[in-house]
Amino acid sequence: LTEDTFLNFNYTPVNALAKESEDSLWAVSPPSNAVQRVEMTPDGPVAAELVPTGSWPTSVAIWGDYVLVAQSGRDSLGFLSRSSRRIVDAIRVGNEPADIVVDGDVAYVTLSGADRVVRVDLVARMVTGSVEVPREPRAMAFDPIHKRLFVASSLSSNATPRGPLQEVPIPVEDQHDVAVIDTEAFEFVAWTAP
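Calculation notes
- Residue numbers here run from 1 along each chain, matching the order of that chain's written sequence.
- Two thresholds apply to this predicted model, a pLDDT of at least 70 for residue-level local features and 80 or more for giving and counting side-chain atom pairs, whereas whole-chain, interface and lining totals are computed over all residues.
- To obtain the side-chain values, all non-hydrogen atoms of the structure were included, while hydrogens and water were left out.
- Strands are treated as partners if at least two bridges between them are detected by DSSP.
- Comment: elements are numbered from the N terminus, with helices defined as DSSP H or I runs of at least four residues and strands as E runs of at least two.
- Axis geometry follows a simple rule: fit a line to the C-alpha atoms, using only the stretch in contact for helices, then measure angles between N-to-C directions, giving values from 0 to 180 degrees.
- Buried means the residue's accessible area, taken with a 1.4 Å probe over protein chains only, is under 20% of the maximum for its type, while exposed means over 50%, and partly exposed covers the values in between.
- Any pair of nitrogen or oxygen atoms within 3.5 Å is treated as a polar contact; in protein, a donor-acceptor pairing is required on top of that, and neighbouring residues in sequence qualify only through side-chain atoms on both sides.

1. Some remarks on the sheet that holds strand β11 (residues 116-121)
Then, in step 1: The strand order across the open sheet formed by four strands is β9-β10-β11-β12, and the pairing between neighbours is antiparallel. The open sheet has two free edges, formed respectively by β9 (97-103) and β12 (126-132), since each of these has just one partner strand. Going from strand to strand, the sheet's axes swing by 25 degrees on average, the running direction of each strand aside.
Then, in step 2: In this sheet, strand β10 (residues 106-111) lies alongside β9 in antiparallel orientation, the contact comprising five bridges. In the sheet register, V101 faces β10, and the bridge partner there is Y108.

Below is the structure:
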C-alpha cells in the first residue's frame, strides 16, 4: 500500500463481485487499488490473493481465463490472469470506467466521466463503438434474449445541484435515468419510464 491508497475515496464499487467458481469469487477494493480473491470454505469465506490493479477498481467480470477490471483511476479495462493472479494487459477505454457487462467476446463498459457506454472487442482488445447516455452512467443490466443493455445514470434527472428539492420539478418526459441500448446495432433506442 502507498500513501495514495488512503486518498480519494470518491470511487465506490459498482459491480463489486464476480463469481469465479462454486468455491471462489473476486471482490474489488478501490481504497486498496486492488482486487481480492475470496475462497468459500466450510468454515466461511477466506481472503486469498490481493492483486494490485491500478487506481480505483470499481467493477469486475469474468471472461474466460481473465477477470476484467474497470480501473477508474487509469481510464482502462484491465485483464487479470486467473492463473497467474496478476494484471497482464490493459486497454484505454475512456474517462472513468465504472461497470462491465460481458456478452460472449464483447464487453460493455460505462464511462461515468464521459457520459458514454463503450463496446470492447475482448479478443482484439480494442474499443469498437461508443454511445452517449445520461450524466454519470454507473450500473448496467443486460437482457441477452432481446439484446438490450439498460444503463442507469447517477445524475441524469438532477438538473440542478438541489435535485428533487428544486423549485420546478423536472417533467417526467425529461427524466432520463435509464437508457436502453440495442447491443446488435449498438445504438440508443429508448428511455425507460421513471
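2. Overview of the pairing of strand β8 (residues 86-92)
Then, in step 1: Strand direction decides the pairing type here: strand β7 (residues 76-81) and β8, joined by six bridges, are antiparallel. In the sheet register, S81 faces β8, and the bridge partner there is R86.
Then, in step 2: Where β7 folds back on β8, the antiparallel hairpin that results is connected by four residues, among which R85 adopts a positive phi of roughly 60 degrees.

3. Considerations on unusual backbone geometry
Then, in step 1: You will see that N33, though not glycine, has its phi angle at about 50 degrees, which is positive.
Then, in step 2: Among the structural elements, N33 can be located in the loop between β2 (24-29) and β3 (34-41).
Then, in step 3: Overall, the relative accessible area of 12% leaves N33 in the buried class.
Then, in step 4: Although it is not a glycine, K147 sits at a positive phi angle of roughly 55 degrees.

4. Overview of the environment of W26
Then, in step 1: Positionally, W26 belongs in strand β2.
Then, in step 2: Note on W26: relative accessible area 0%, which makes it buried.
Then, in step 3: In this structure, the C-alpha to C-alpha distance between W26 and L50, residues 24 residues apart in sequence, is 9.5 Å.
Then, in step 4: Here the side chain of W26 touches E20 through a polar contact of 3.2 Å, side chain to side chain.

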